[in-house]
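The lines below spell out each chain.
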Amino acid sequence: MSVQNYHRFYASLNRLPGGNTEDMKETLVSSFTDGRTTSLKEMTQKEYDAMCSALEERTGWKEQLRKKRSVCLKLMQKAGIDTTDWQRVNAFCEDPRIAGKEFAQLGVKDLDALQVKLRAIMNKGGLRPAKAQEAPTESQDTRKEVTYIAVPLVGMGQA
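Source: prediction; values computed, not measured.

So, how was this worked out
- Residues numbered from 1 in each chain as written.
- Predicted model: local features only at pLDDT ≥ 70, side-chain atom pairs only at ≥ 80, totals over all residues.
- Heavy atoms only, no water.
- Phe/Tyr/Trp six-rings, centres within 6.5 Å; stacked < 30°, edge-to-face > 60°.
- Buried < 20%, exposed > 50% of the residue type's maximum accessible area, 1.4 Å probe, protein only.
- Axes fitted to C-alpha atoms, helices over the stretch in contact; angles between N-to-C directions.
- Helix = DSSP H or I, 4+ residues; strand = E, 2+ residues; numbered from the N terminus.
- Parallel < 35°, antiparallel > 145°, perpendicular 65-115°, else oblique.
- Left-handed = near helix turned anticlockwise from the far one by under 90°.
- Contact = heavy atoms within 4.5 Å.
- Core = buried A, V, L, I, M, F, W, Y, C linked by side-chain atoms within 4.5 Å.
- Nonpolar A, V, L, I, M, F, W, Y, C, P; charged D, E, K, R; others polar.

Undergrad: Quick rundown of the packing of aromatic side chains? Include the residues and the values.
TA: Under the counting rule described, the total for this entry stands at three aromatic pairs. Where F9 meets Y10, the ring centres are 5.1 Å apart and the plane angle is 75 degrees; that geometry is what we call edge-to-face. Taking relative accessible area as the criterion, F9 reaches 0% and is therefore assigned buried. Y10 gets classed as partly exposed once you look at its relative accessible area, which sits at 33%. Plain terms: the ring middles of W86 and F103 are 5.9 Å apart, the flat faces sit at 35 degrees to each other, and that makes the pair tilted.

Right, here's the structure in full:
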């Protein structure tokens, strides 16, 4: 099965310093197919994945992404979000005021914006527990469930 979407390759290729990207593309494809082809369309999925992984390693993109994710998770933890529960992490990130998508879908720029928002939330006192809607009656269970709400940030740019 051949590759249908070349975004991963071109995103990594554009991070490399250099001049003519078409020549560079052909050289890379040829080297990862052992000279069989210079066309991305004729690469196998295995060859394509190996080439993209090598490019991502060369540009340092994966390491940069890993570090930024780690910083964001630490900040979320300080804000009171249980970072061992991916459903909670994703629910927090999916809020349109925070990032608007799941944590795993956040790119480097998204993670930078998330860091800024998390630091602003922490500077304003962190996340506040949501207030109960109504007081429980005697027949209702009196245990309280804590829910966190995101505090909208005025003047913050879109992520």
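From this point, the discussion proceeds with the structure in view.
Undergrad: Would you mind going over the packing of helix α4 (residues 61–79) against helix α6 (residues 108–123) in detail, with residue names and values included?
TA: Relative to each other, α4 and α6 sit at 20 degrees, their axes nearing to 9 Å. Classed by the angle they form, the pair α4 and α6 counts as roughly parallel. Seen along the crossing, α4 lies across α6 with a hand that is left-handed. Two secondary-structure elements touch here, α4 through W61, Q64, L65, K68, R69, V71, C72, L75, M76, K78 and A79 and α6 through V108, L111, D112, L114, Q115, L118, R119 and M122.

Undergrad: Run through the nonpolar core, naming residues and quoting values.
TA: By size, the foremost hydrophobic cluster in this structure holds 20 residues, and its most contacted members are M76, F92, C93, F103 and L114. When residues of this core are traced back to their parent elements, those giving at least two are α4, α5 (86–94) and α6. Broken down by element, this core gets its largest block of residues, six residues, from α4. Core analysis: the next-biggest nonpolar cluster, separate from the first, contains 13 residues, V3, L13, M51 and L55 among them.

Undergrad: How would you sum up the packing of helix α2 (residues 21–32) against helix α3 (residues 45–59)? Please name residues and give values.
TA: Running from amino to carboxyl end, α2 crosses α3 at an angle of 125 degrees, the nearest separation of the two axes being 10 Å. Put simply, α2 runs oblique to α3. Between α2 and α3 lies a crossing whose hand is right-handed. Within the contact between the two elements, α2 uses L28, V29 and F32 and α3 uses E47, A50, M51, A54 and L55. Here the contact of α2 with α3 is composed, by residue class, of seven nonpolar, no polar and one charged.

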